[in-house]
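Structure assessment
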Number of protein chains: 2
Amino acid sequence: MIGRLCVIGVGLMGGSLALALRRAAYVEEIVGCSRDSSHLDQALSKGIIDRAEIEIAAAVKGADVIVLAVPLGAVREVLEHLKDHVAESAVITDVGSAKASVIDDLLAVYGEIPENVVPGHPIAGNEKCGVAAAIPDLFHQRRVIITPLKHTSTHAVEVVSRMWSAAGAMVETMDVEHHDKVLAATSHLPHMLAFSLVDTLARLEDEDEIFRYAAGGFRDFTRIASSDPVMWRDICIANRAALLEMLERFMSDLAVLTQAVADSDKQLLLDIFRRAKASRDEFCH
Amino acid sequence: MIGRLCVIGVGLMGGSLALALRRAAYVEEIVGCSRDSSHLDQALSKGIIDRAEIEIAAAVKGADVIVLAVPLGAVREVLEHLKDHVAESAVITDVGSAKASVIDDLLAVYGEIPENVVPGHPIAGNEKCGVAAAIPDLFHQRRVIITPLKHTSTHAVEVVSRMWSAAGAMVETMDVEHHDKVLAATSHLPHMLAFSLVDTLARLEDEDEIFRYAAGGFRDFTRIASSDPVMWRDICIANRAALLEMLERFMSDLAVLTQAVADSDKQLLLDIFRRAKASRDEFCH
């Protein structure tokens, strides 16, 4: 049970977490913080938060748990603003899709990683963004990966784990580097391909007509290209090394496939498609 | 209304067309033809076809409309087998995802494009394949592109158009080259990316674990990688030129995006993601 929860960044993630914890009666008071007062007004009027604050210092004051739910590029600045105003007993976590960059931000602001900070990442969300899209079921049966360091306090880990469990999620622990590699492969690379594909098609001469003939498979394939551009710009910067490695692997493999098409190499095409189908059928049944 | 319909290739497409036309009471008798007797048995027992034939010559005899619903790589052989057994008044169409290759096959087998052949392509389907996946609604409100040539008989075009309308589809006419270009962009290229991505991930060292953390976005994005490998091998060969052009455009654009990641070029990343999101939101709302 959390006394006062402070959510910094009241969007899809922060708003959905607030809704889930409120529904579970796991929190007494929820303070929302955003630079955009219209987001706060929406969150207040939808009953997602109890109190709204524009200033981070005021928002975090007296909070038991503080959740940073801002794009990764804003984490460092938020940390700088909250540093001197957080209660000693407070626990801090975040929802960023890359974790090494959050560690770097913590080091830059604190000079060390505070014991009460538990980096976290709920593997949930959709292409919609903003508090208007927040739903209490967003984290239901989804994985949340936390990446505590050796000296992170057991108490802080427990507080964050219990919070996500109360929101319906399944909590797992992973080391920072491994998290960033896995996410580069399963999320960041696919987003790059979807964005790049839609952009390629959008710049064809007969763009309008091209998209008219896009069927259901195309809609599914490109859904993630409707994701928030700012969030994804920040993820690219934050997980640059792991993402670049995956992009290079992918481009090398796609060049092989392209050569197989150029050579009309039936056997190689069949081998690639069969391997892919077998993996996909096995892991995503 | 069709007297006798012959469907060569009783899979997802052929089976679904038969089901749709039967439900619409648009056909008196449906003859199914397949080299695989188990497919025919399934189609018979599910009431999809009235009569089953292994031999093409016997299947097409007396048929008013003949639909080739086989992978593109089998079209030429099927044409060779049916050529001397089709009634003069019969109309022939197909469902292949590329059309220039069908024209080539017709030329190779007939020495010219017969007046009674209307190349066609229903933009429908899903990653499942086989007659077991056939449903009467597969073509409901989906586009079917037909690519008649100048000398194709008006009667044949009408017969094929009415058949697809009866199956619930919206029929449009396009020239062969344009069809193949549009489909390379909206369907064939995305399939290459999905197959290639899953194959790349499947060959990472910690494959099992990687796929465990794939969330909903990944499932949608890779759904088309579960498509039929033989069908897609044939599409690559059949639409080689148009597909290669799109693959090269895409790889060039992805190289630009990769360089933007390498350079941490925030503005370029944002520009690409915003353009893509705007297009996707506009065309796939």
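Everything below is about the structure shown above.
Residues numbered from 1 in each chain as written. Chains lettered and ligands numbered in written order. Predicted model: local features only at pLDDT ≥ 70, side-chain atom pairs only at ≥ 80, totals over all residues. Heavy atoms only, no water.

Each helix and strand counted, chain A has 12 helices and nine strands in total. Counting all 285 residues of chain A, 58% fall into the buried class. Within chain A, contacts between residues separated by at least 24 positions form 74% of all contacts whose residues are at least 6 apart in sequence. For chain A, the computed accessible surface area is about 11200 Å², with 48% contributed by carbon and sulfur atoms. (Helix = DSSP H or I, 4+ residues; strand = E, 2+ residues; numbered from the N terminus. Buried < 20%, exposed > 50% of the residue type's maximum accessible area, 1.4 Å probe, protein only. Contact = heavy atoms within 4.5 Å. Areas by Shrake-Rupley, 256 points an atom, 1.4 Å probe, with all protein chains shown as cover.)

The end-to-end C-alpha distance of helix 11 (residues 240-262) of chain A is 32 Å, a good match for the 33 Å that 23 residues give at a rise of 1.5 Å each. One or two residues past the end of helix 11 of chain A sits A:Ser264, with phi positive at roughly 50°. (Expected span 1.5 Å × (residues − 1).)

Our focus in this paragraph is the relation of the copies chain A and chain B. Mapping chain A onto chain B calls for a rotation angle of 180° and an axial translation of 0.0 Å; the resulting RMSD is 0.0 Å. On the angle and the small slide along the axis, the relation comes out as a two-fold axis. The position closest to the rotation axis in chain A is occupied by the C-alpha of A:Phe221, lying 2.1 Å away. A shared interface surface links the copies, since 100% of the contact residues of chain A are contact residues in chain B too. (Least-squares fit on C-alpha atoms with pLDDT ≥ 70 in both.)

So, about the sheet that holds strand 4 (residues 65-68) of chain A. Residues and elements named next belong to chain A. Strand order in this open sheet of six strands is 3-2-1-4-5-6, and the pairing throughout is parallel. Looking at the sheet topology across the chains shown, the edges are occupied by strand 3 (51-53) and strand 6 (117-118). Across two bridges, strand 5 (residues 91-94) lies against strand 6 in parallel orientation. Residue pairing across strands places Thr93 opposite Val118, the latter belonging to strand 6. The strands touched by helix 4 (residues 75-82) are strand 1 (2-8), strand 4 and strand 5; relative to strand 4, the strand with the most contacts, the crossing angle is about 155°. (Pairing = 2+ DSSP bridges. Axes fitted to C-alpha atoms, helices over the stretch in contact; angles between N-to-C directions.)

This brings us to the pairing of strand 5 (residues 91-94) of chain B. Residue and element names in this part refer to chain B. In strand 5, alternate side chains face the same way, and those of Val91 and Thr93 on one face and Ile92 and Asp94 on the other are all buried. The pairing of strand 4 (residues 65-68) with strand 5 spans four bridges and is classified as parallel. Bridged to Val65 within strand 5 is Val91. With helix 4 (residues 75-82) bridging strand 4 and its parallel neighbour strand 5, the resulting β-α-β unit is right-handed. (Right-handed = clockwise from strand over helix to strand, strands pointing away.)

Attention shifts here to the packing of aromatic side chains. Evaluation of the coordinates by the stated rule reveals nine aromatic pairs over all chains. For the pair A:Phe195 and B:Phe273, a centre-to-centre distance of 4.3 Å together with 25° between the ring planes defines the contact as stacked. Of this pair, A:Phe195 sits in helix 7 (residues 176-202) while B:Phe273 sits in helix 12 (residues 266-283), placing the two residues on different chains. Each of the two residues, A:Phe195 as well as B:Phe273, counts as buried. A connected cluster of aromatic rings, assembled from ring pairs, spans A:Phe211, A:Phe218 and B:Phe283. (Phe/Tyr/Trp six-rings, centres within 6.5 Å; stacked < 30°, edge-to-face > 60°.)

Further remarks concern empty space enclosed by the protein. Across all of its chains, the model carries two cavities of 30 Å³ or more by this definition. Taken together, B:Leu68, B:Val75, B:Leu79, B:Ile92, B:Thr93, B:Asp94, B:Val102, B:Leu106, B:Val117, B:Val118 and B:Pro119 make up the lining of the largest cavity. Here the element with the most residues in the lining of the largest cavity is strand 5 of chain B; it accounts for three residues. In this structure, the second largest cavity spans a volume of roughly 50 Å³. The wall of the second largest cavity is formed by A:Leu68, A:Val75, A:Leu79, A:Ile92, A:Thr93, A:Asp94, A:Val102, A:Leu106 and A:Val117. If you list the elements that add at least two residues to the lining of the second largest cavity, you get helix 4, strand 5 and helix 5 (100-110) of chain A. Looking at which element gives the most residues to the lining of the second largest cavity, the answer is strand 5 of chain A, with three residues. (1 Å grid on protein atoms, 1.4 Å probe; cavity = no way out; pocket = protein on both sides within 12 Å on 5 of 7 lines; lining within 4 Å. Points joined across faces, edges and corners; volume = space filled by probe spheres on them.)

Another aspect to go through is the pattern of salt bridges. All names here are of chain A. Counting across every chain of the model gives 38 salt bridges over all chains. Taking the shortest distance from any N to any O, the salt bridge between Glu29 and Arg4 comes out at 2.9 Å. Of this pair, Glu29 sits in strand 2 (residues 27-33) while Arg4 sits in strand 1, placing them 25 residues apart in sequence. Accessibility expressed as a relative area gives 24% for Arg4, which makes it partly exposed. Here the salt bridges share partners, and the residues they tie into one network are Arg4, Glu29, Arg51 and Glu53. (Salt bridge = Lys/Arg side-chain N within 4 Å of Asp/Glu carboxyl O.)

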